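Listed below, chain by chain, are the residues.
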Amino acid sequence: MDGETTAFRQRDRRPEALGALSVLPDETICVLLEYLAPRDIAHLACVSSVMYILCNEEPLWMSLCLRKAKGPLDYKGSWKNTTLHLEGVTRDNDTKPLHFDGFNSLYLYKRFYRCNASLDGFSFDDGNVERRRDISLDEFTKEYDAKKPVLLSGLADSWPASSTWTIDQLSEKYGEVPFRISQRSPNKISMKFKDYISYMKLQRDEDPLYVFDDRFGEAAPELLKDYSVPYLFQEDWFEILDKENRPPYRWLIVGPERSGASWHVDPALTSAWNTLLCGRKRWALYPPGKVPLGVTVHVNEDDGDVSIDTPSSLQWWLDYYPLLADEDKPIECTLLAGETIYVPSGWWHCILNLEPTVAVTQNFVNKENFGFVCLDMAPGYQHKGVCRAGLLALDDGNSEEMEEETHDEDDSTLSYSDLTRKEKRVRMNGEGETENHEEDANGVSKRYNMWKNGFSYDIDSLSKFLDKERDHYNFPWSMGNSVGQREMRGWLSKLWVLKPELRTLIWKGACIALNAEKWLRCLEEVCTFHNLPSVTEDEKLPVGTGSNPVYLFSDYAVKLFVEGGLEQSMYGLGTELEFYDILGRANSPLKSHIPDVLASGILYLEKGSYKVIPWDGKRIPDILTSSNLDFDASMLNSEFPFGIWNKTLLQHRNKGKPPAHDSFGSLSSHVWPYIITQRCKGKIFAQLRDDLTWSDAQNLATFLGQQLRNLHQLPYPPVTRPELLNANDAHEELKIPPEWKVFVDDLCQKKKDVTSRLENWGNPIPKALMNKIDEYMPDEFFVDLLHVFKDTDVGDETKPCTWIHSDVMDDNIHMEPCAADDSVDGQHNSWRPGHILDFSDLSIGDPIFDLIPIHLDVFRGDTDLFKKLLESYGLPLIRSKSAAADGTRKKVLSPSYRTMCYCLLHEDNVLGAMFSIWDELRTAESWEQVELTVWSLLNSY
């Protein structure tokens, strides 16, 4: 009998077919294969029978395809066919797949099961989410808003979408419209709706693609007429932001059976409503802080960026849900067509489509969740981890302390022992961690006891986990935040003005996000020292979007220098004071358009008491010289020790160092420079942009051209630092002006990390363009740029460099009310530009640099306004006399080319602005195309 069994037993192909790789689990081999190129996978499939099997798995080809695809995607019946099509390979359809015996894989079987599972027979109960109908706004606010989920009936009964948003009707009407697709690739992928429906019917994916489009209203505006925001959710505080600054907030969602959203917490801790128009969705939810089994939360220690590793929705329901004890199971419900579910701030949720579905969802901020949104944008990382993972996110010491207060339990299932210095993570053990999911579930059950006994999702409790040493103005901003730093400051400032009845709440949020209480105390000390009037309740919040706290009250404007730490702040104010000193001695019309400086000084905290010392920029303050800081002789002997060239030298020395590097670090937490200027009457341009007449806008363009000319004609100090004079000393014999050598050397340094910097911005830059940066801007560009002024006897009118403001943007232009010629009784019905603000980012360089923020931020790409500015500017953009005849360097003399190169090297995200203004740039195939689209007007100037 044993002999017969042996005779019929199939041999195991694995050891022979995989060789040394046979020691690796199938899951690991499949992951490794995803790092290979499609052609390498095809070659590897020929190596052995098992490699053939692994290399022909559809999930592998799906990953390869989505990694390569960008823009519109045309599904070719299988992911392998689609990938080969993208590779330009024609496949022989007559080729039949090979079949092998003697190979078994539990991993592949589970994946195969998920790919082919039908959910028709899945049996779910009615769930345990409360169901309500005809609920009043007052009832909703008291019982559910920011407290617990609720399933609502009747909200969509009157919508046209309730009868027209079926798969067939949408396909018939919007079949040619491309919609964005959700998938786990960084590339932005879209599909025409008819192509997506074809894919939806053909696919057998374990985690199918689904339409998840936050711009469906722009792609198909008629869809917005088919539904309206339910009366319970109409308050959204993000709607006061400009369209381009408002974070994504509404999505069209279309998906097949087995698709769905894996476990997540909504961005910025906002709340959401989700209305289903056809099909059925299974929902699972956990309260804030209760991490689902199989999910890992990562929080970056530097900037607080949050990322989540989670199994797919279907995999979680199949592999993890059955392991949970009843007490650890999520809150559940099945959402039916016509129903709406409300998800409060901070709640974990996971959705599985039981059949093809169409839904619409929106996220929102209101007075109930406002504090949580502010908390999520506060600097630091611990509070972000606690908001999502509860007390399990605490560092070892705090976690042990808290555990002693709750339960003494085994620490094996959740540990920080394996964490890197830069990242904290909270893990509910799952996929790839261990084969024994039952043990994981038992450990998680015990850990949840700690969550039940000690965690409170309350804004006052959560605020205790803020890092008091980190400040909004000094620490990195997470790229995962819903809005940028400037937009967040502007948002709070607008709320303060537009919602005076809610200022107590807004002030609390500003104290969490901006540390506003601390800066108000500093302002009060400055006012007391200079005998200025006290600020009123209306005036105690910093104004605008600037990167330092600025206060407007009575006839005064006070700016506290905070951004980047004390060292950067001292050089910012020091350079500004040096500039004002030069301006005061020059006969320049620019004087009339810069606010008068009334006082400047340094505020510091010493032994619990605030002290103020005046400072005009002409010496090193005692608070610094007495703190054992190292100042060299050249700096000590400078008239303005923190002036422009010492500032430039600091920037050169800090190249390659972390952005937060501050050699004054020990003082940065309690020493702050400040400046007091005359308050301008009127409003900043950012507040008036949409209200200006075309005539006002043209006058603004003329004004900016005139003031740029005045600024660029102003003399600047000679380069005296020997370290800067030696920059590019290899070209000393060419008699290149030293300031030009310094400028070009700085650009050359920025080129070294240009690709990584642009990638970090997360711009929608086509990959083809990213690969062509070196071709467009080779290293020879800097040599050519350096030689533009070789052996040139430059006079004042043709100096290669000028002062550069660097930041002439919509929040640094002040407008005054005036009466137009056709006004009645001289009443104000127009605005004229009066002042340019904030000269703390001054530098010396090519005057073209100042055109970049004006054209992209102030004019938003309007060529008529840009042309108007150039007409009034009246100075040559290319100031070289001799280099014009040098044919080998003709390209660098092109203003559009130089400006485009400066944009690539810019420290701010100017390319992001370009690609948002000109949609056609998203499909650009060369940087020359981008250059001419944005800057061609400069060539005819």
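Just above, that's the structure.
Reading the values: the criteria
Residues numbered from 1 in each chain as written. Predicted model: local features only at pLDDT ≥ 70, side-chain atom pairs only at ≥ 80, totals over all residues. Heavy atoms only, no water. Buried < 20%, exposed > 50% of the residue type's maximum accessible area, 1.4 Å probe, protein only. Helix = DSSP H or I, 4+ residues; strand = E, 2+ residues; numbered from the N terminus. Contact = heavy atoms within 4.5 Å. Core = buried A, V, L, I, M, F, W, Y, C linked by side-chain atoms within 4.5 Å. Pairing = 2+ DSSP bridges. Axes fitted to C-alpha atoms, helices over the stretch in contact; angles between N-to-C directions. Salt bridge = Lys/Arg side-chain N within 4 Å of Asp/Glu carboxyl O. Expected span 1.5 Å × (residues − 1). Patch = residues over 30% accessible without salt bridge, like charges linked within 9 Å, V, L, I, M, F, W, Y side chains within 5 Å. Areas by Shrake-Rupley, 256 points an atom, 1.4 Å probe, with all protein chains shown as cover. Nonpolar A, V, L, I, M, F, W, Y, C, P; charged D, E, K, R; others polar. Parallel < 35°, antiparallel > 145°, perpendicular 65-115°, else oblique. Phe/Tyr/Trp six-rings, centres within 6.5 Å; stacked < 30°, edge-to-face > 60°.

J.: Whenever I open this one, helix 26 (residues 644-653) confuses me. Can you help?
T.: Since one α-helical turn is 3.6 residues long, residues separated by three or four positions face the same way. With eight of 10 residues buried, helix 26 lies mostly within the body of the structure. Residues Ile644, Trp645, Asn646, Lys647, Thr648, Leu649, Leu650 and His652 constitute the buried set of helix 26. In this fold, the buried residues of helix 26 make contact with helix 23 (566-585), helix 25 (633-636), helix 30 (722-725), helix 31 (738-751), strand 23 (802-804) and strand 26 (843-845).

J.: Looking at this model, I keep getting lost on the nonpolar core. Mind explaining?
T.: Nonpolar side chains tend to gather and get buried jointly when the protein is soluble and globular. By size, the foremost hydrophobic cluster in this structure holds 112 residues, and its most contacted members are Phe579, Leu624, Leu704 and Met914. The biggest single contributor to this core is helix 23, with nine residues. Apart from residues no more than four positions distant in its own chain, Met914 is found in contact with Leu856, Met900, Cys903, Leu921, Val930, Val934 and Trp935. With 82 residues, the next largest nonpolar core counts Ile29, Val50, Val150 and Leu151 among its residues.

J.: For this particular structure, what's the right way to read the sheet that holds strand 18 (residues 556-560)?
T.: Backbone-to-backbone hydrogen bonds pair the strands of a sheet. The strands run either parallel or antiparallel. The five strands are arranged 17-18-21-19-20 in an open sheet whose pairing can be described as antiparallel. Strands at the two margins of the open sheet, each flanked by one partner only, are strand 17 (550-553) and strand 20 (609-614). In this sheet, neighbouring strand axes are inclined to one another by 25° on average, regardless of whether the strands run parallel or antiparallel. Sheet topology note: the strand 19 (residues 597-606)/strand 21 (residues 671-678) ladder contains seven bridges and is antiparallel. Across the sheet, the residue bridging to Ile602 is Pro673, located in strand 21. Helix 23 rests against strand 19 and strand 21 of the sheet, and its axis sits at about 30° to strand 21.

J.: Just to check I follow, could you spell out the pattern of salt bridges for this structure?
T.: Pairing of side chains with opposite charge becomes possible as their charged atoms draw close. Inspection of every chain in the model, using the stated rule, returns 51 salt bridges. We note a salt bridge from Arg585 to Asp581, for which the minimum N-O separation is 2.7 Å. Taken together, the positions of Arg585 and Asp581, both in helix 23 and four residues apart, correspond to about one turn of that helix. Here Arg585 falls in the exposed class, since its relative accessible area comes to 60%. A salt bridge links Asp779 to Lys751; its shortest N-O distance comes to 3.4 Å. With Asp779 in the loop between helix 34 (773-776) and helix 35 (780-787) and Lys751 in helix 31, this residue pair connects regions lying 28 residues apart in the sequence. Because the salt bridges share partners, they merge into one network encompassing Glu244, Arg486, Arg689, Asp810, Asp811 and Arg860.

J.: Explain the environment of Asp846 here, please?
T.: With respect to the helices and strands, the residue Asp846 is situated in the loop between strand 26 and helix 36 (851-858). Given a relative accessible area of 1%, Asp846 falls into the buried group. With 46 residues separating them in the primary sequence, Asp846 and Pro800 have C-alpha atoms 6.6 Å apart. Those residues within four positions of Asp846 in sequence are excluded, and the remaining contacts are Trp740, Phe743, Pro800, Ile804, Leu877, Arg898 and Tyr902.

J.: Looking at this model, I keep getting lost on the pairing of strand 24 (residues 813-818). Mind explaining?
T.: Regular strands show a simple pattern: their side chains alternate between the two faces of the sheet. Across two bridges, strand 22 (residues 683-684) lies against strand 24 in antiparallel orientation. Within strand 24, the position partnered with Lys683 by the bridge is Met815. Sheet topology places strand 24 next to strand 25 (residues 830-836); six bridges connect them, and they run antiparallel. Residue pairing for strand 25: Cys818 is matched across the bridge by Ser830.

J.: Can you walk me through helix 23 in this structure?
T.: The terminal C-alpha atoms of helix 23, which comprises 20 residues, lie 29 Å apart, in line with the 28 Å expected from a rise of 1.5 Å per residue. Counting buried positions along helix 23 yields 17 of 20 residues, so the element is predominantly enclosed.

J.: Would you explain a nonpolar patch on the surface in this entry?
T.: A cluster of nonpolar side chains, contributed by Leu106, Tyr109, Phe112 and Tyr113, occupies part of the molecular surface with about 480 Å² of accessible area. Examined against the element boundaries, Phe112 turns out to sit in helix 8 (residues 106-116).

J.: I would appreciate a short explanation of the sheet that holds strand 14 (residues 348-353) in the present structure.
T.: Sheet architecture is open: three strands sit in the order 12-9-14, paired in antiparallel fashion. Unpaired on one side and paired on the other, strand 12 (331-336) and strand 14 mark the two borders of the sheet. Geometrically, the sheet is characterised by an average inter-axis angle of 20° between neighbouring strands, direction not taken into account. Pairing analysis gives six bridges linking strand 9 (residues 280-286) to strand 12, with the strands arranged antiparallel.

J.: Help me understand the packing of helix 11 (residues 167-174) against helix 12 (residues 193-202), please; the structure alone is not making it clear to me.
T.: The geometry of a pair of packed helices is captured by two quantities: the angle between their axes and the separation between those axes. Following both chains from N to C, one finds helix 11 and helix 12 inclined at 145°, their axes separated by 8 Å at the closest point. Together, Ile167, Leu170, Ser171 and Tyr174 of helix 11 and Phe193, Lys194, Ile197 and Met200 of helix 12 make up the contact between the two elements. Taken together, the residues of the contact of helix 11 with helix 12 break down into six nonpolar, one polar and one charged.

J.: I'm lost on the packing of helix 31 against helix 35 in this one. Help?
T.: Between helix 31 and helix 35, whose axes approach to 10 Å, the crossing angle comes to 170°. By the criterion of interaxial angle, the relationship of helix 31 to helix 35 is roughly antiparallel. Residue-level inspection shows Trp740, Lys741, Val744, Leu747, Cys748 and Lys751 of helix 31 in contact with helix 35, the latter providing Phe782, Leu785 and Leu786. For the contact of helix 31 with helix 35, the residue count by class is seven nonpolar, no polar and two charged.

J.: Which parts of the structure should I look at to understand the side chain of Asn710?
T.: As for its placement among the helices and strands, Asn710 is situated in helix 29 (residues 694-712). Ignoring anything within four residues of it in the chain, the contact list for Asn710 reads Ser588, Pro589 and Leu590.

J.: How do you make sense of the pairing of strand 20 when you look at a structure like this?
T.: Across six bridges, strand 19 lies against strand 20 in antiparallel orientation. Paired with Leu605 across the two strands is Tyr610, which belongs to strand 20.

J.: For this particular structure, what's the right way to read the packing of aromatic side chains?
T.: What the rule picks out here adds up to 50 aromatic pairs. Between Phe238 and Trp491, the aromatic rings sit 4.7 Å apart at their centres with planes inclined by 40°, giving tilted as the arrangement. Remark: Trp491 occurs in helix 20 (residues 485-498) and Phe238 occurs in the loop between helix 13 (216-219) and strand 7 (250-255); sequence separation between them is 253 residues. Classification of Phe238 by relative accessible area gives buried; the value is 6%.

J.: Where do I start with unusual backbone geometry in this structure?
T.: Comment: phi is negative for the bulk of residues other than glycine, and the bulk of peptide bonds are trans. Of note, Asn515 is a non-glycine position whose phi angle comes to about 60°, a positive value. Its location among the elements puts Asn515 in the loop between helix 21 (503-514) and helix 22 (516-529). Its relative accessible area of 22% is what places Asn515 among the partly exposed residues. The phi dihedral of Ser554 falls on the positive side, at around 50°, and the residue is not glycine. Position of Ser554 among the secondary structure elements: in the loop between strand 17 and strand 18.

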